[in-house]
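Each chain is listed here by its residues.
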Amino acid sequence: MTAALKLVNLSKTFDIGGGFFSAPRAGVRAVHPTDLTVAAGETLGIVGESGCGKSTLARMLVGLLPPTTGTIEIEGAALDTADPAVFGKRIQYVFQDPISSLNPRKTIRQIMEAPLKRLHGMGRADRAARISEIFASVNLREEFLDRYPHEFSGGQAQRIGIARALAAAARILILDEPVSALDVSVQAQVLNLLADLKRDFGLTYLFITHDLSVVEAVSDRIAVLYFGSVVELGRAEDIFRAPMHPYTKLLADSAPVVGRALTAPEGGETELPDPLNPPSGCAFRARCPRATALCASAPPPLQARADGREVACYHPLDG
Amino acid sequence: MGRYIVKRLISAIPVLFGITLIVFLIMAMIPGDPATAILGSYATPENVAKLNRDLGLDAPLWQRYFIWLGNMLTGDFGQSFALNRPVLDEVLERFQATLILAGTAFVLCSVFGIIAGVISAANQYGFADKAITFVVLLGISIPSFFLGMMMILWFSVNLRWFPVSGMWPIYGDRDLGALLSHLTLPAIALAVVATGVVARLSRSAMLEVLRQDYIRTARAKGVHERGVIWRHALRAAMVSIIPVLGIQAGFVLSGAVYIEIVFQWPGVGRMLVDAILTRDILLVQGGVVFVAACYVLFNIAVDVAQSLLDPRIKT
Amino acid sequence: MTAFLTLLARNRLALAGLVVMTVVVVLALITPLLPLADPDVTDTGNRFVPPLSPGAWLGTDHLGRDLLSRLLWGTRLSLAVGFAAAVAAATIGAAIGMIAGFYGGRVDNIIMRAVDMLMAFPYILLALAIVAALGPGLINALIAVAAVNVPFFARNIRGITVGIANKEFVDAARLSGLSNARIILTEVLPNVVPVIVIAMSTTIGWMILETAGLSFLGLGSQPPQADLGSMLGEARSALITNPHTSVVPGLMILVIVMAINLLGDGVRDALDPRLKSGALSRPMAATRVDRRSPVPPAQDAAAVLDIAGLQTQFHIKDRVYRAVGGVSLSVKPGECLGIIGESGSGKSVTALSIMGLVASPPGVITGGAARLHGDDLIGMPYRQLRDLRGRAVSYIFQDPQATLHPLYTVGDQLIEAIRAHRPISVKAGRARAVELLKAVRIPNAASRIGNYPHEMSGGMRQRVGIAMALANEPQIIIADEPTTALDVTVQAQILALLDDLRRSRGLAIVFITHDFGVVGQLCDRVAVMYAGKIVEAGPTRAVLDAPMHPYTARLIDCVPELGGGKRRLEAIPGLPPVVDKLPHGCAFADRCDRVQGLCRAGTVALEHTGNRAVRCHFPVNERQAAE
């Protein structure tokens, strides 16, 4: 199993405050140092609630945001400049909001041609041929090419966004909440399309979402993010059925399920910690029913177990 | 709040320096030298050189700036050669008159502009809206100096309701009544354009706010429509109206120059125009810096008002 | 471009402005060709000839010069200077603004500090200073006016650019390999141009006024050459004796600037996409009611709320969107009714129609009734309706960030909700507000009451929203997707809270959602909506276990159930119909795999069997449903 994508010690700290000349007053750690490996042909799901750092992570992976520490390796080669044009050929991005990711003043053809022209320097005839090919593979009609983005529904626009990402001929796609702006009946269409494309083109996906059932249905493995750190990593079929980290369990219990009685899965009315004033030790301990004094001492490290499951907890559940 | 005011005052210091620098650099672009202007074009080169030395004009530019700045900080704005009196004395005296005129116009434009805008928005596409929109359009299209002239012609010459010009009667008491009768026409002429601008902006700000979800929430709670418009919508709209009031304050303060000319109002604007035409550089410099500095302070007050209104602004 | 011109032409005032401007510009252009007297030749023997005299239609000025000729030449000059100043200011300002906004960071900081510095001057004062330095003259006045307006353009365009630079399509362009320069030119600029045009068309009138003003002061055009401002300035001394010399140039300025302003407003309206869609119209206090058909009778006498044949439409330009096409529902005391559907199904519009909260314009309730204990709320006088809002029927909305007023504390907003319906002292109101916050389990209620909404998390804000709905002990709460904007762990807390409240207080709830899981946990009965109509209704368990309408069945299959691992999902092909072009028969026919000729033949009725109802000729699970 070769690694398509490897993150080593990747982290991001945003500076807060500070004036024109003065140094920033504080830093907010959006992503704590993280190691992750995605195998070629795999779909790694990343799931977390708002503020967990999943979008920051995604933007670093395509070079839109320079990391504070750490390196990104794609197919064995490290990329050390945060230059989207360098990244673009090897790793592409599908945006959450399909409409706002398309320039309202360009035709679909102009949007599709940009990566072919700028990243691959293709000639006019080659470009037209390649666009036909891609459009056929995402089930879009070629007559759409001369229209403007506002003429499309959310589902169609997201297909166009996927088509643009494919045009760059990258083998890794970062899918950042690709279906959360879509209606349920259209979601399934797009998710199935993504599965077909992956099979046909041998792609590797990093699928970021807040939707547990979606991430489980599309992923091989899932990483659960909480407050900027991976707290649990495991196979998709196991992780919500038999969670080991108390946070994963909370997530799984919170998902509305038909027929399950309504009880708040946690007793208190607690929410995320304050990023400007992070707690010591485990970030989840204030909400955790299993927390002990040990949890306050230092953040628990992410430890691999024999079955490949990784969990960052001093008192994991039995799984 | 006190800390916020202090913070804003401190942050105004570089702006004030910037203003003096901009004014100084603009004035330094003047071709020819002031000594020639003072002495006339028949002056001998020796006399010009001597006066330049006396005025410190033979020093390099940056040195001259700091000398001028240092003097200003000690209250010495220099001497107006045309009037032969200290610049600061003249500016202070004239600024009082401008302040009365512009201050009145500012109050008029704020009050009537906001009220007109709110009524207009609350009755969108109704008769009141159309009437206000038309009057406002007329208001922002008419040159204030032309309006002033027409007002003199009609209200002073034809109807004899108000004096033709000046700030005080030539004979008679200088009491409040006299001031008000002299002030009415120029203040209105000055306020008209600004009122139009404020009304337009208030209308669109109100329309923007009235579509917001929290207005629907207020209605769903059963709040009276009056309360929805004046308490919920106007309060939120003020967040975008207040900065415009700040800009309009600058507009009436400087736009007063036209009105001062038309109505012979002894303000700082008329003084500046005269000083420019006679190339009385120190008077221009001093006048511009003084008025601009006052405007900077006024804008701090605007910011403070804004922070009182909007709790989301970090103080 | 043609669309733009049609839009402009539709606006009659703008058209009038355009016509006047065209006439003025054409006159200015052909002035040198017209048989006019030389504008600068003095003839002191013929001073102050009144208008309409032979040889001088508009009379002559204090030096005996022909006013008509001077007026046309002056107009030519004023227009040229005004346009030049506007173009210069717009170009320079837009360039500065785009660079500052796009690059951000230190570049932005330095540029915007300088702009702020220039804007710290009351701006005519700055123009005066510049003219003072350059010396009086028309070109110098032009430079001064342009320079003074650059910061306004820069700041305006920067704001727009920052917004665009953060858009996802700019990131997408980066990932497509475009360089910064290319992104500015091909991604940012085309989106900024309309704003530049709008800003220019609305400020060009100003520029003409300002240059005229400088000339009026004697700092612009120098004699004998005259623009409109200096004509007015020279005429001032003869204002009282010979007013026509002032009125002629003054009126000309007024006409020009007014025409430009009308045209500018028209351009703005035509280019601003929000204005185009009519989004900037003010919603009225209650939705407009225009019932063409007889009001249907009530269906269920025991119900708290009984909706019968409700129809709500949106009238946008010449299109009619039938958002709700005849919905009948009823809710009993203490019951929780779920309405489920995808976006555009009409579920929220149904909920908002009940108390007349659909934005109007463009919304109109065109039929049906909504009875609260037998009294029809549709078409009720505003006074009575307002009295019931928040007292008998209250709402909880979707996004708690947007639905609370940002400038009032949550305590004030709670107290207001109470005081809208009964006089209560501030102290008693405060006590009641604390009580309400405790009821929705907000920790430290007494201190939280002084918080502003932005100081709370999304979950806490939604608790405040619920507290506000409870303030007057309503009989029924309508919750419009109250947990959709929340994280899943917070959603679970809020749902549990709502469930507790309804059981302890005997509340009736209408719960709007798109999530079957939520409906399954909370609601006693559910109604499924598609394209503005109820396609299926019944007890929640029964509908979820054995859906009868093919749409319900397939929609449930689209949602992967947790715990099943990786798998392929059942998708519904195609898209829901747009409600301004509804098909003749069943709205789901085009996406349905059970479709037959009958489905497209005519309207399908909602058939009731026992406690279930379905709008389908060929329902699924019929036997299971009957059991």
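This is a predicted model, so every value here is computed, not measured.

Calculation notes
- Residues numbered from 1 in each chain as written.
- Chains lettered and ligands numbered in written order.
- Predicted model: local features only at pLDDT ≥ 70, side-chain atom pairs only at ≥ 80, totals over all residues.
- Heavy atoms only, no water.
- Contact = heavy atoms within 4.5 Å.
- Buried area = accessible area lost by both parts, 1.4 Å probe.
- Salt bridge = Lys/Arg side-chain N within 4 Å of Asp/Glu carboxyl O.
- Polar contact = N/O pair within 3.5 Å; in protein donor to acceptor, adjacent residues only side chain to side chain.
- Helix = DSSP H or I, 4+ residues; strand = E, 2+ residues; numbered from the N terminus.
- Axes fitted to C-alpha atoms, helices over the stretch in contact; angles between N-to-C directions.
- Left-handed = near helix turned anticlockwise from the far one by under 90°.
- Nonpolar A, V, L, I, M, F, W, Y, C, P; charged D, E, K, R; others polar.
- Buried < 20%, exposed > 50% of the residue type's maximum accessible area, 1.4 Å probe, protein only.
- Pairing = 2+ DSSP bridges.
- Domains from an automatic or database assignment.
- Patch = residues over 30% accessible without salt bridge, like charges linked within 9 Å, V, L, I, M, F, W, Y side chains within 5 Å.
- Areas by Shrake-Rupley, 256 points an atom, 1.4 Å probe, with all protein chains shown as cover.
- Disulfide = S-S within 2.5 Å.
- Expected span 1.5 Å × (residues − 1).

A separate point is the interface of chain C and chain B. Counting residues at the interface gives 77 residues for chain C and 79 residues for chain B. Summing both sides of the interface, chain C and chain B together bury roughly 7,000 Å²; the carbon and sulfur share of this comes to 73%. Contact with chain B buries surface across chain C, with Arg282(C), Leu407(C) and Glu416(C) losing the most and accounting together for 10% of the total. With its nearest N and O atoms 2.3 Å apart, the salt bridge here joins Asp265(C) to Arg200(B). The interface formed by chain C and chain B holds 23 residue pairs in polar contact (both at pLDDT 80 or more) in total. Contributions of two or more residues to the side of chain C that touches chain B are made by helix H4 (105–119), helix H5 (123–134), helix H8 (180–216), helix H10 (244–271), helix H13 (382–388), strand E7 (393–396), helix H14 (400–403) and helix H15 (410–419) of chain C. With 11 residues, the top contributor of residues to the side of chain C that touches chain B is H10(C).

Bringing the packing of helix H5 (residues 87–122) of chain B against helix H10 (residues 225–262) of chain B into the picture now. All names here are of chain B. Between H5 and H10, the least distance of the axes is 8 Å, while the angle of their chain directions is 145°. Between H5 and H10 lies a crossing of right-handed hand. Facing Phe-95, Thr-98, Leu-101, Ala-102, Ala-105, Phe-106, Ser-110, Ile-114, Val-118 and Ala-122 of H5, the residues of H10 in contact are Ile-229, Trp-230, Leu-234, Met-238, Ile-241, Leu-245, Ala-249, Val-252, Leu-253, Ala-256, Ile-259 and Glu-260. Class assignment for the residues of the contact of H5 with H10 results in 19 nonpolar, two polar and one charged.

What follows deals with the pattern of salt bridges. In the structure shown here, the tally under the stated rule is 60 salt bridges over all chains. Its salt-bridge partner being Asp310(B), residue Arg312(B) comes within 3.0 Å of it at the nearest N-O pair. We classify Arg312(B) as partly exposed; its relative accessible area is 41%. Several salt bridges share partner residues, and in doing so they unite Asp40(C), Asp61(C), Arg65(C), Arg70(C) and Glu234(C) into one network.

All names here are of chain C. Look at the link from Pro-223 to Pro-224: it is a cis peptide, with omega at 5°. Structurally, Pro-224 can be placed in the loop between H8 and helix H9 (228–235). Each neighbour pair has its own omega, and for Pro-361 with Pro-362 the value is 10°, a cis peptide bond. Residue position: Pro-362 is located in the loop between helix H12 (347–354) and strand E5 (363–372). Phi is positive for Arg-441, which is not a glycine, with a value near 55°. Here Arg-441 lies in the loop between helix H16 (426–439) and helix H17 (445–448).

Let us now look at the pairing of strand E3 (residues 43–47) of chain A. Each regular strand displays side chains that alternate between the two surfaces of the sheet. Residues and elements named next belong to chain A. A large share of E3 lies buried, amounting to five of its five residues. Summarising the sheet, E3 and strand E8 (residues 204–209) pair through five bridges and their orientation is parallel. When the bridges of E8 are listed, Ile-46 appears paired with Ile-208. In this sheet, strand E9 (residues 221–226) lies alongside E3 in parallel orientation, the contact comprising four bridges. Among the inter-strand pairings, Leu-44 is bridged to a residue of E9, identified as Arg-221.

Moving on to the domain arrangement of chain A. Residues and elements named next belong to chain A. For chain A, the assigned domains are domain 1 (3–15 + 28–219) and domain 2 (248–319). Centre-to-centre, using C-alpha coordinates, domain 1 lies 30 Å away from domain 2. Contacts between domain 1 and domain 2 engage four residues on the former and seven residues on the latter. It is Val-28, Glu-49 and Leu-212 that lose the most area in domain 1 upon contact with domain 2, and together they represent 74% of the buried surface on that side. Counting across the interface, domain 1 meets domain 2 through zero salt bridges. Across the contact surface, domain 1 and domain 2 share zero residue pairs in polar contact (both at pLDDT 80 or more). Across the side of domain 1 that touches domain 2, the residue classes tally to two nonpolar, one polar and one charged.

A cluster of nonpolar side chains, Leu15(C), Leu18(C), Val19(C), Val23(C), Val26(C), Leu27(C), Leu29(C), Ile30(C) and Leu33(C), forms an exposed patch at the surface whose accessible area comes to about 760 Å². According to the relative accessible area criterion, Ile30(C) is partly exposed, its value standing at 32%.

Each partner contributes to the interface: chain A provides 71 residues, whereas chain C provides 66 residues. Inspection of the region where chain A meets chain C yields five salt bridges. Those elements giving two or more residues to the side of chain A that touches chain C turn out to be helix H2 (84–88), strand E6 (91–94), helix H3 (108–120), helix H5 (154–167), helix H6 (184–201), helix H7 (212–218) and helix H9 (246–254) of chain A. Among the elements that make up the side of chain A that touches chain C, the one with the highest residue count is H6(A) (10 residues). The residue makeup of the side of chain A that touches chain C, split by class, is 33 nonpolar, 19 polar and 19 charged.

Moving on, we come to the state of the cysteines. What the rule picks out here adds up to zero disulfides over all chains. In this structure Cys282(A) is a free cysteine whose sulfur lies 5.9 Å from that of Cys295(A), the closest cysteine sulfur available.

A separate point is H16(C). Residues and elements named next belong to chain C. For H16, built from 14 residues, the straight-helix expectation of 20 Å at 1.5 Å per residue is met to within 8% by its first-to-last C-alpha distance of 20 Å. Within H16, burial applies to Gly-429, Arg-432, Ala-433, Val-434, Leu-436 and Leu-437. Remark: Arg-441 follows H16 within two positions and exhibits a positive phi of approximately 55°.

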